[in-house]
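# Close look at the chain arrangement
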Amino acid sequence: MVLLLSSFLLIISWKLTLSAMIVLPIVFGFIYFIGKKLRKYSKRSQQRMEDVNSVLEESISNIRIVKAFSMENFEINKFLDATKRYYNSLLRMTRIRHLASPINDTLATIAGVIILYFAGKNIIGGSGELDAGDFLTFVLAMFSLIKPVKSLSQIHIKIQEGMAAAERIFEVIDTEEKIIDSPDALQIANFENKIEYINISFSYNINEPVLKNISFEINKGEVLAIVGPSGGGKSTLLDLFPRFYTPTGGSILLDGNDISGIKLSSLRGLMGIVTQETLLFNDTIKNNIAYGMDDIEENKIIEAAEMANAHKFISEFENGYKTPVGNRGVMLSGGQRQRIAIARALLKNPQILLFDEATSALDTESEQLVQEAINRLMKNRTSLVIAHRLSTIKKADRILVIDKGAIVESGSHDQLVNNGSLYNKLYRMQFQDS
Ligand SMILES: Nc1ncnc2c1ncn2[C@@H]1O[C@H](COP(=O)(O)OP(=O)(O)OP(=O)(O)O)[C@@H](O)[C@H]1O
Ligand SMILES: [Mg+2]
């Protein structure tokens, strides 16, 4: 429409058309200005919305802490602040967006008035090139042009807003995955022989080494227990094996192959992982146990639950295995969650087990049930266990004592109790009474 109408106008009278176009640079300049501003504001609104979401997510998921510390008002105010900032940036954006239309209308009207005035005067004076009929056609065509031109400028504004949003989305989409398979990565089906950590060092932040030059090995079928003071780097040491992080120095070998050259899916397929905090999904007990397994038979799930000492409490629920566990498993007790996680690992039946024992203390009865489940889980497997319980440690073929990122002592329980000074101290403080 813009092209057709403009050509039509030029044919009727190019002089009038050009004089009407005097306002165009102003209109374009203005639209450009608005587009730029909107892009900036749109980007800011996105960030503000993120803030609102994160405040909300955090305070709801930590609701117990909020209540326990009577911080409801503090959290409400934090939310109100974030919402108000979001509201303000939206308002600013809306204001400037709606400025475009009236200003363009005004400019178009001004152009129209100028044309009407001069051309009309000429026609009435009889000195014009146009007759009254042509002039009327011109004016009608000119005013029909306003609407499509306006929609075009709106498109520009919309695109600018969208671009700001797209930029943030593409930032996420374009984030490069750091840990990926190399093109010639090995596919591994079995663990045959041994795992070796060779001179492993690691730091989350540069200049803050968390692991320093750690070397050890585990033969197939062995249980290796890792103990040590909190913050010493035990969980980190375990996280390197499934390649959640890449060591900053040294290498980890599985049957002589560097794990960085093994297909992630086949490497992780060999292992079962039970983490320090038991993480469950907001789903049924059954689906939590069968997580990652397609088409698994019901009796397999029950068998795993029985071995994990979980079947009894699950059957006592009205809906049994179909009971939903709630967000992160809030509807279950700590010990119950742990046994579900153990059942999950048992069902996967991995060749290698990475087990980060929970530090939370359980009462004697659930403690015993969990311990039995752990023993069954470790049986006939190669296990790396971060141990907080004496009974787990006693099962170990070898114990590594990790302190401040280094192996300070290693050996069997009996050797270490007599010779290891740190182990002896830990034993007296932490393990003896359990
Ligand atoms: N994601 C992370 N980013 C930065 N630093 C981290 C991260 N995770 C752990 N750390 C730091 O690394 C060190 C070792 O942590 P790690 O979780 O391995 O200790 P741990 O031996 O498992 O302790 P605990 O017995 O309490 O579980 C700590 O000083 C900790 O602050
Ligand atoms: Mg830990």
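Residues numbered from 1 in each chain as written. Chains lettered and ligands numbered in written order. Predicted model: local features only at pLDDT ≥ 70, side-chain atom pairs only at ≥ 80, totals over all residues.

## Some thoughts on the packing of helix 5 (residues 72-125) against helix 6 (residues 132-173)
Running from amino to carboxyl end, helix 5 crosses helix 6 at an angle of 165°, the nearest separation of the two axes being 11 Å. In terms of orientation, helix 5 and helix 6 fall into the roughly antiparallel class. Both helix 5 and helix 6 take part in a crossing whose hand is right-handed. The residues of helix 6 that touch helix 5, namely those facing Arg97, Ala100, Ser101, Asn104, Ala108, Gly112, Ile115, Leu116, Ala119 and Ile123, are Ala132, Phe135, Val139, Met142, Phe143, Ile146, Lys150, Ser153 and Ile157. In terms of residue class, the contact of helix 5 with helix 6 is built from 13 nonpolar, 4 polar and 2 charged. (Axes fitted to C-alpha atoms, helices over the stretch in contact; angles between N-to-C directions. Helix = DSSP H or I, 4+ residues; strand = E, 2+ residues; numbered from the N terminus. Parallel < 35°, antiparallel > 145°, perpendicular 65-115°, else oblique. Left-handed = near helix turned anticlockwise from the far one by under 90°. Contact = placed C-beta atoms within 7 Å. Nonpolar A, V, L, I, M, F, W, Y, C, P; charged D, E, K, R; others polar.)

## Some details on the nonpolar core
Ranked by internal contacts, the top residues of the largest apolar core, which has 63 residues, are Ala225, Ile226, Ile289, Ile342, Ala343, Leu354 and Val385. A total of 7 residues in this core trace back to one element, the largest contributor, which is helix 12 (residues 334-348). If we skip the residues at most four places from it in the chain, leucine 354 touches Leu238, Phe241, Pro242, Met271, Ile273 and Leu384. (Core = buried A, V, L, I, M, F, W, Y, C linked by C-beta atoms within 7 Å. Buried ≥ 20, exposed ≤ 12 C-beta atoms within 10 Å, placed from the backbone.)

## Looking at the environment of glutamate 50
As for its placement among the helices and strands, glutamate 50 is situated in helix 3 (residues 24-61). Remark: the alpha-carbon pair of glutamate 50 and tyrosine 86, spanning 36 residues in sequence, is separated by 9.2 Å.

## Focus: the domain arrangement of the chain
Often the size quoted for an interface is simply the accessible area lost on bringing the parts together. Split into domains, the chain comes out as domain 1 (2-173) and domain 2 (194-431). For domain 1 and domain 2, the distance between their C-alpha centres works out to 58 Å. (Domains from an automatic or database assignment.)

## A few points about the sheet that holds strand 4 (residues 249-254)
As a general point, the strands of a sheet are linked pairwise by backbone hydrogen bonds and lie either parallel or antiparallel. Ordered in space as 2-1-4-5, the 4 strands form an open sheet in which the pairing is antiparallel. The open sheet terminates on both sides in strands that have one partner only, identified here as strand 2 (209-219) and strand 5 (257-258). In the sheet, strand 1 (residues 194-203) pairs with strand 2 via 7 bridges, with the strands oriented antiparallel. Across the sheet, residue glutamate 196 finds its bridge partner in strand 2, namely glutamate 217. (Pairing = 2+ DSSP bridges.)

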